[in-house]
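Structure at a glance
What follows is the residue order along each chain.
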Amino acid sequence: RALGFRDIKKKEVQSMLLSINKNVEDKNYDMRITRTEFTEMVWPKMLSRDPKDEAMKIFDLFDEDGTGKISFKNLKKVSLELGERYTDEEIQQMIDEADFDGDGAINKE
C-alpha cells in the first residue's frame, strides 16, 4: 500500500510471495525476499498503472485544500514535510515554471 496499491488485497500479496518462492531459488532458505525478488514481484503491477492517473493522485496529495490548484502554501508545506529545504524564491520559481495561465498556482488540468 505504501507504493500506492490501495486496492491490493492481502491474499493477492500472499499469492505473489508464494509465486516468488516457487519461481526464485531461496538460496538462504529463510523465506525472505531480496530486492531483486521484490522488484520482480512489483514491476508488472507498476507497469500496469496509468501514468496520468498516478500523476493526478500525486497532484491531489499536494492540493491539500482541494481547490484543483497547487498554491505556494501547498508546495511549501509538502516540501517541508518531505524534509526538503527550499527557499521561498525556489518554491516560487517552481510555481512560475508550471503556472501556464498566470494565476500564481499550478492547475490540475
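Treat the numbers as computed from the prediction; the structure is a model and nothing was measured.

Conventions adopted
Residues numbered from 1 in each chain as written. Predicted model: local features only at pLDDT ≥ 70, side-chain atom pairs only at ≥ 80, totals over all residues. Heavy atoms only, no water. Helix = DSSP H or I, 4+ residues; strand = E, 2+ residues; numbered from the N terminus. Buried < 20%, exposed > 50% of the residue type's maximum accessible area, 1.4 Å probe, protein only. Contact = heavy atoms within 4.5 Å. Salt bridge = Lys/Arg side-chain N within 4 Å of Asp/Glu carboxyl O. Patch = residues over 30% accessible without salt bridge, like charges linked within 9 Å, V, L, I, M, F, W, Y side chains within 5 Å. Areas by Shrake-Rupley, 256 points an atom, 1.4 Å probe, with all protein chains shown as cover. Axes fitted to C-alpha atoms, helices over the stretch in contact; angles between N-to-C directions. Parallel < 35°, antiparallel > 145°, perpendicular 65-115°, else oblique. Left-handed = near helix turned anticlockwise from the far one by under 90°. Nonpolar A, V, L, I, M, F, W, Y, C, P; charged D, E, K, R; others polar.

Looking at the side chain of asparagine 74
On the secondary structure map, asparagine 74 appears in helix 4 (residues 72-81). Note on asparagine 74: relative accessible area 3%, which makes it buried.

Quick look at the side chain of serine 79
Note that serine 79 resides in helix 4. Judged by relative accessible area, which is 7%, serine 79 ranks as buried. For serine 79, the residues in contact, after removing those within four places along its chain, are Glu84, Tyr86 and Ile91.

Description of the environment of glycine 68
Looking at the element boundaries, glycine 68 is found in the loop between helix 3 (51-62) and strand 1 (69-70). Judged by its relative accessible area of 23%, glycine 68 falls in the partly exposed class. Taking the C-alpha atoms as reference, glycine 68 lies 8.2 Å from glutamate 109; in sequence the two are 41 residues apart.

A closer look at the pattern of salt bridges
In a structure, side chains of opposite charge can pair up when their charged atoms sit close to one another. Taken as a whole, this structure holds six salt bridges when the rule is applied. Between glutamate 81 and lysine 77 there is a salt bridge whose closest N-O contact spans 3.3 Å. Here glutamate 81 and its partner lysine 77 are both found in helix 4, four residues apart, which amounts to about one turn of the helix. Owing to a relative accessible area of 52%, glutamate 81 belongs among the exposed residues under this scheme.

Considerations on a nonpolar patch on the surface
Residues Trp43, Met46 and Leu47 make up a contiguous nonpolar surface patch of about 330 Å² in total accessible area. Structurally, methionine 46 is set in helix 2 (residues 35-47).

Looking at the packing of helix 4 against helix 5 (residues 88-98)
Contact geometry of helix 4 with helix 5 gives a least axis separation of 10 Å together with a crossing angle of 120°. When the interaxial angle is binned, helix 4 and helix 5 end up oblique. Once helix 4 is placed against helix 5, the crossing between them reads as right-handed. The segment helix 4 lies against helix 5, with Phe72, Leu75, Lys76 and Ser79 engaging Asp88, Ile91, Gln92, Met94 and Ile95. Within the contact of helix 4 with helix 5, the residues separate by chemical class into five nonpolar, two polar and two charged.

Some details on the environment of alanine 98
Relative to the assigned elements, alanine 98 resides in helix 5. Taking the C-alpha atoms as reference points, alanine 98 and isoleucine 70, 28 residues apart in sequence, are found 9.9 Å from one another.

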